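# Residue-level structure breakdown
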Amino acid sequence: MKKYRFTQAESFSTQLAACRKTAFTLAEVLITLGIIGIVAAMTLPNIIAGYEKKNTITSLKKSYTVLNQAFKQSEIDNGESINWEIGSFNATEYFAKYWKPYLKILHICDTAEECGYTSNTPWYRSKGTTDGIHVILKSWRESVILADGTFMSGFTYAGMYDNPDENNKEDYTQGASSQILVDINGGKKPNKFGRDVFYFVRVNGKGVLPYGYNDDDEIIDKDCSKNSFGYKCAAKIIKNNWEIPDDYPW
């Protein structure tokens, strides 16, 4: 845009005419705004997704750290976890002795609503189907809300679906469990495995590790996909140096 300098001798009309030559028409302004709007519409979803992914990683790291710190402190006070009396306790008693003193708990839930959920089976698999894991199933698991709003459920017994075959048939196993389910934003949506819901597992002598930590990449990738469960997505993220890869079921 040109800059004009006027002497005192120049008339006001001359100045006005020169300024008009440098102004934008209404059509030009509207076209420019339209282009800006199109560019924003194209880039905004990517910006939002990137922000949400960073928040997910941050919250997942925090949960991972909190659980491991609690686990290690409990081992200092109660001895090595391999000797913990899991078989002698139901989930509530087990949690009260080995976990409750080492976590900042806002409250222990007796109903799904107390944990912020509208259903006792609120979670979805990464492929979009409803999962069968319950928020509340006393004697099998103890569910709590931590001080930062994270939902945590410590299992001592569970029934799990896993390993769908090429015909989409699923195996179901039931028995003693060392799993920990974490929903990093509590009852808020999307309540989906791999997005805000993740599985960890207690491992004697090692601490709290992502569920599937000892599986190879092919098995983890098969589970953490848009066509499967998403149970092992924490393992996929951690194995990828705490980054969400391009093939992740976001």
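This section reports on the structure supplied with the text. Remember, it's a predicted structure, so these values are computed and weren't measured experimentally.

## Brief notes about the overall build of the chain
For the chain, the helix and strand inventory stands at five helices and eight strands. Each helix and strand of the chain, placed in order from N terminus to C terminus, yields the pattern α-α-α-β-β-β-β-β-β-β-β-α-α. For the chain, buried positions account for 38% of its 250 residues. Here the contacts in the chain between residues at least 6 apart in sequence split such that 53% fall between residues at least 24 apart. As presented, the chain carries roughly 14500 Å² of accessible surface, and 54% of it is formed by carbon and sulfur atoms.

## Examining the pattern of salt bridges
Counting across every chain of the model gives 12 salt bridges. For the salt bridge of Glu52 with Arg195, the shortest nitrogen-to-oxygen distance reads 3.9 Å. In this pair, Glu52 sits in helix H2 (residues 26–78) while Arg195 sits in the loop between strand E6 (179–183) and strand E7 (197–203), placing the two residues 143 residues apart along the sequence. For Glu52, a relative accessible area of 33% corresponds to the partly exposed category.

## Comments concerning the state of the cysteines
Across all of its chains, the model carries two disulfides by this definition. The disulfide bridge from Cys109 ends at Cys115, spanning 1.9 Å between sulfur atoms. Its S-S torsion of about 105° marks the bond between Cys109 and Cys115 as right-handed, since a negative value means left-handed. In this structure, Cys109 and Cys115 share a single accessibility class: buried. Note that Cys224 is cross-linked by a disulfide to Cys233, the S-S spacing being 2.1 Å.

## Structural notes on the pairing of strand E3 (residues 151–155)
In terms of burial, E3 is a largely internal element, five of the five residues being buried. Burial along E3 is two-sided: the face carrying Phe151, Ser153 and Phe155 and the face carrying Met152 and Gly154 are both buried. Where strand E2 (residues 141–146) and E3 come together, five bridges link them in antiparallel fashion. Residue pairing for E3: Val144 is matched across the bridge by Met152. In textbook terms, the turn of a hairpin is the stretch between consecutive antiparallel strands, and for E2 and E3 this stretch comprises four residues, one of which, Gly149, has a positive phi near 95°. In this structure, E3 lies alongside E6, joined through four bridges in antiparallel fashion. Paired with Gly154 across the two strands is Ile180, which belongs to E6.

## Here's the deal with unusual backbone geometry
Omega for the peptide link from Lys189 to Pro190 comes to 15°, which places this bond in the cis form. You will see that Asn191, though not glycine, has its phi angle at about 55°, which is positive. Inspection of the secondary structure assignment puts Asn191 in the loop between E6 and E7. The phi angle at Trp242 is positive, at roughly 60°, despite the residue not being glycine. Inspection of the secondary structure puts Trp242 in the segment after helix H5 (233–239). Here Trp242 falls in the buried class, since its relative accessible area comes to 18%.

## Description of the packing of aromatic side chains
Throughout the structure, instances matching the rule amount to 18 aromatic pairs. Between Trp84 and Tyr94 the ring centres are 6.4 Å apart and the planes differ by 55°, which places this aromatic pair in the tilted class. With Trp84 in the loop between H2 and helix H3 (91–98) and Tyr94 in helix H3, the pair connects residues that are 10 residues apart, well separated along the chain. Of the two residues, Trp84 and Tyr94, neither departs from the other in class, the shared state being buried. Seen from their ring centres, Tyr117 and Trp123 are 5.4 Å apart, and the 75° between their planes marks the pair as edge-to-face. Across this residue pair, the class does not change: Tyr117 and Trp123 are buried. Site record: aromatic cluster; members linked through ring pairs are Phe155, Phe193, Tyr199, Tyr211, Phe229 and Tyr231.

Scoring rules and cut-offs
- Residues numbered from 1 in each chain as written.
- Predicted model: local features only at pLDDT ≥ 70, side-chain atom pairs only at ≥ 80, totals over all residues.
- Heavy atoms only, no water.
- Helix = DSSP H or I, 4+ residues; strand = E, 2+ residues; numbered from the N terminus.
- Buried < 20%, exposed > 50% of the residue type's maximum accessible area, 1.4 Å probe, protein only.
- Contact = heavy atoms within 4.5 Å.
- Areas by Shrake-Rupley, 256 points an atom, 1.4 Å probe, with all protein chains shown as cover.
- Salt bridge = Lys/Arg side-chain N within 4 Å of Asp/Glu carboxyl O.
- Disulfide = S-S within 2.5 Å.
- Pairing = 2+ DSSP bridges.
- Phe/Tyr/Trp six-rings, centres within 6.5 Å; stacked < 30°, edge-to-face > 60°.

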